[in-house]
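Take a look at the letters that make up each chain.
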Amino acid sequence: MSGSQYTWDKFTPIAFVATAPTVILVNAASKYQTLQDLFDDAKANPGKVVQGGGPYGGTSSIVGRVLQDSIGAELPYTPFKGGGEAVTALLGNHIQFLAENPSETLQYVTAGQMRILASTQKIVSQPDVKTFAELGVTVDVPDSFLIVVAPPGISDDAKAYYVDLLKKTTETDDWKKYKDEAALVDNWIAGDDLNAFFTKAAALYLAMDEKMGLLKK
């Protein structure tokens with residue numbers, strides 16, 4: 001997490017093609033019917049509302065820390081080797097909630113095994129799910145990004161070719177079908193705007209990593 005020789009500016013950013021929203025999920029049998037129910041229980045029973053997810057430092061754990069800071073209550077985090085193990089833990093009622101992207105969990109929602117309490121963005125296949133903003137939760141919960149980069153030093157012509165290719169790809173019916181099935185949200189950024197996005201996002205993530213004790217001094 002620290003001292004890596006590879007940062008975003010060691011590559012050639014091509015295009016930001018989509019965002020994978022972050023959803024808060026509970027077991028379908030959970031007593032939490034709303035996001036506020038979960039928050040209220042976390043405040044009333046410190047340390048008892050446990051989140052699970054992938055390794056500490058990934059997006060899931062950052063989401064948990066953002067929510068914890070926003071509500072002023074402890075939300076302990078249990079790391080697993082990957083999201084699949086965390087899903088199994090939630091299905092077995094060993095943890096209280098997950099913060100994941102929909103593509104990994106929608107099958108359990110449609111099967112009636114999990115329930116989504118909130119999402120960072122609207123999901124086409126789950127129109128009844130409220131966004132954080134609609135629920136009055138104003139915290140900046142991070143999403144997952146689908147971004148294409150190329151090796152450093154490629155020519156301007158090569159970069160322009162791949163930007164154009166990806167732009168055309170995102171306009172096809174096949175892409176639109178895949179996007180909806182995977183619960184992705186269009187978020188096209190290219191050129192100088194993508195460099196600006198990386199600069200801002202890197203600063204935000206570094207600040208959060210430092211707050212979470214992930215960076216060595």
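Above this text sits the structure in question.
Counting restarts for each chain, with residues numbered from 1 along the sequence as it is written. The predicted nature of this model means local features are confined to residues of pLDDT at least 70 and side-chain atom pairs, given and counted, to a pLDDT of 80 or more, with totals for whole chains, interfaces and linings taken over all residues. Each side-chain value is worked out from all heavy atoms of the structure, with water and hydrogens disregarded.

Caption draft 1: Broad picture of unusual backbone geometry. The residue Asn 93 is not glycine, and still its phi comes out positive at about 60°. Helical segments are the DSSP runs of H or I of at least four residues, strand segments are the runs of E of at least two, and each set is numbered from the N terminus. Within the fold, Asn 93 resides in the loop between α3 (83-91) and β5 (97-100). The exposure class of Asn 93 is partly exposed, given its relative accessible area of 49%. Even without being a glycine, Ala 183 presents a positive backbone phi close to 60°. Residue position: Ala 183 is located in the loop between α6 (173-181) and β8 (185-190). You can call Ala 183 buried: its relative accessible area is 5%. When accessible area is computed with a 1.4 Å probe and restricted to protein chains, residues below 20% of their type maximum are described as buried, those above 50% as exposed, and intermediate ones as partly exposed.

Caption draft 2: Expanded view of the environment of Asp 9. In this fold, Asp 9 is placed in the segment before β1 (12-20). A C-alpha to C-alpha distance of 13 Å links Asp 9 and Val 148, two positions 139 residues apart in sequence. Side-chain atoms alone can form a polar contact between residues adjacent in sequence; in general such a contact is a pair of N or O atoms within 3.5 Å, and within protein one must be able to donate a hydrogen while the other accepts it. Polar side-chain contacts of Asp 9 include one of 2.4 Å to the side chain of Thr 7.

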